[in-house]
Amino acid sequence: NITQDTEVIVEIDKALGNILRCTGNGAVDVTVNPSKNILDLRGDYTIAEGGYHFVASIASRDLIINEGGTLSFNGDLNSTTLDVGATYRTKASISALISDTTSVSNRRNVDCSVNLKGSLSNPEFTFNIDIPDLDPITKGRVESALSTPDKVQKQFMMLLLMGSFMPDEQSGIVNNTTILFSNISEILSNQVNNIFRQMDIPIDLGLNYQRGSTGQSDIFDFNMSYQITNRLVISG
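Colleague: Would you mind showing me how to read helix α3 (residues 149–162) here?
Modeller: Side chains of residues three or four places apart in an α-helix project in the same direction, reflecting 3.6 residues per turn. A rise of 1.5 Å per residue sets the reference length of α3, with its 14 residues, at 20 Å; its end C-alpha atoms lie 20 Å apart and thus fit the reference within 8%. Note on α3: the residue one or two positions beyond its end, Gly 163, has a positive phi of about 75°.

Shown next, in the form of structure tokens:
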């Protein structure tokens, strides 16, 4: 009888360091016979909380495991079935994603989720990006920019690695120098905000530089928000 007093550690990929650490509840029958090299586990385990150290290429982050995920033990360890989700929350401007420089300095909460399903020996990974509190028009534009699993996975990795969205090649905005300069500013602001987070300072900065067209001045945007409570943020 597994209770939340016991930590369960699951190595998804030992070489990379892809590891689940969780607590939860479940009833599991265990048969062990070292002389015959037998380790047989059968039963279901439900996750209450935990963390997932996710590593992909040069990007790695600690994600929070979603409550309610399951591990189903079916005898041999490699036959264990996973149904687990985990989420990493960051802040990013959506300007590069939807080719819009009018609100670059407004950094929004972005939830990056990864789901693992199938056999422990070869789980299937699916990715999702959710941006809460978008108005219907902007939400539609974001969904269009994330319309395929390939686009979602590419942006998911970029958010984990750099904390910002990558301009969408098919939208044609890769050659838009305004967007590219905005993306560089976004990366710079992320580095500053990482320092603030390490110092437990609840301030979030947004920076944006826009090159002016012929006869027009360049524009530099600066935004600062201060998180007072989960429901109250002062921004300007």
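Colleague: Help me out: how do you make sense of helix α2 (residues 136–145) in this one?
Modeller: Residues Thr 138, Val 142 and Ala 145 constitute the buried set of α2. Down the axis of α2, the buried set is contained in an arc of 60°. They therefore lie on one face. For α2, the exposed residues lying more than 90 degrees away from the buried face are Pro 136 and Ile 137. Buried residues belonging to α2 abut α1 (95–98) and α3.

Colleague: How should I be thinking about the layout of surface pockets in this particular structure?
Modeller: Any space left empty among the atoms is revealed by the rolling of a water-sized probe across them. Estimates place the volume of the second largest pocket at around 250 Å³. Around the second largest pocket, the lining comprises 16 residues; the ones closest to its centre are Val 8, Ile 9, Val 10, Phe 73 and Leu 77. Only β1 (7–13), β2 (18–33) and β5 (70–75) provide two or more residues apiece to the lining of the second largest pocket. Ranked by residues supplied to the lining of the second largest pocket, first place goes to β1 with 5 residues. Broken down by class, the residue content of the lining of the second largest pocket amounts to 12 nonpolar, 2 polar and 2 charged.

Colleague: When you look at the environment of Asp 83 in this model, what are you seeing that I'm missing?
Modeller: The residue Asp 83 is located in strand β6 (residues 81–92) in this model. Along the sequence, Asp 83 and Thr 46 sit 37 residues apart, while their C-alpha atoms lie 9.7 Å from each other. Those residues in contact with Asp 83 that lie beyond four places of it in its chain are Gly 69, Thr 70, Leu 116 and Lys 117.

Colleague: Honestly, the packing of aromatic side chains in this entry has me stumped. Any pointers?
Modeller: Aromatic ring pairs are described here by two measures, namely the spacing of the ring centres and the angle between the planes. Scanning the model with the defined rule gives 5 aromatic pairs in all. Centroid distance Phe 54 to Phe 125: 6.4 Å. Interplanar angle 55°. Geometry classified as tilted. Of this pair, Phe 54 sits in strand β3 (residues 38–56) while Phe 125 is found in strand β8 (residues 124–130), placing the two residues 71 residues apart along the sequence. Judged by its relative accessible area of 30%, Phe 125 falls in the partly exposed class. For Phe 54, a relative accessible area of 3% gives the class buried. Counting every residue linked through ring pairs, the aromatic cluster contains Tyr 52, Phe 54, Phe 125, Phe 127 and Phe 156.

Colleague: What should I look at first to understand the pairing of β6 in this one?
Modeller: Looking down a regular strand, the side chains alternate between one sheet face and the other. Of all the 12 residues making up β6, 9 are buried; the element is thus mostly covered by neighbouring parts of the structure. When strand β4 (residues 59–65) meets β6, the two strands line up antiparallel, connected through 2 bridges. Pairing of Ile 65 across the sheet is with Ala 86, part of β6. Pairing of β5 with β6, which is carried by 3 bridges, proceeds in the antiparallel orientation. Note on β6: the bridge partner recorded for Ser 72 is Thr 81. Between the end of β5 and the start of β6, which pair antiparallel, lie 5 residues. Summarising the sheet, β6 and strand β7 (residues 108–119) pair through 12 bridges and their orientation is antiparallel. Bridge pairing links Leu 82 to Gly 118 in β7.

Colleague: Quick question: what am I supposed to make of the pattern of salt bridges here?
Modeller: Here the idea is simple: oppositely charged side chains can pair when their charged atoms come close. Counted by the stated rule, this structure contains 4 salt bridges. A salt bridge links Arg 21 to Glu 7, with the nearest nitrogen and oxygen atoms 3.8 Å apart. A residue pair is termed long-range when its members are at least 10 positions apart, and Arg 21 in strand β2 and Glu 7 in strand β1 qualify at 14 residues. For Arg 21, a relative accessible area of 41% puts it in the partly exposed group.

Colleague: How should the confidence of the model for the protein be read in this particular structure?
Modeller: Note: predicted coordinates in regions of low pLDDT should not be interpreted at a detailed level. Considering every residue of the protein, the mean pLDDT works out to 82; 81% of them sit at 70 or more. Low pLDDT (under 50) marks residues 171–176, which in the prediction has 9 contacts with non-local residues, meaning those over four places away or in another chain.

What counts, and where the lines are drawn
Residues numbered from 1 in each chain as written. Predicted model: local features only at pLDDT ≥ 70, side-chain atom pairs only at ≥ 80, totals over all residues. Heavy atoms only, no water. Helix = DSSP H or I, 4+ residues; strand = E, 2+ residues; numbered from the N terminus. Expected span 1.5 Å × (residues − 1). Buried < 20%, exposed > 50% of the residue type's maximum accessible area, 1.4 Å probe, protein only. Arc of directions from axis to C-beta. Contact = heavy atoms within 4.5 Å. 1 Å grid on protein atoms, 1.4 Å probe; cavity = no way out; pocket = protein on both sides within 12 Å on 5 of 7 lines; lining within 4 Å. Points joined across faces, edges and corners; volume = space filled by probe spheres on them. Nonpolar A, V, L, I, M, F, W, Y, C, P; charged D, E, K, R; others polar. Phe/Tyr/Trp six-rings, centres within 6.5 Å; stacked < 30°, edge-to-face > 60°. Pairing = 2+ DSSP bridges. Salt bridge = Lys/Arg side-chain N within 4 Å of Asp/Glu carboxyl O. pLDDT = per-residue confidence, 0-100.

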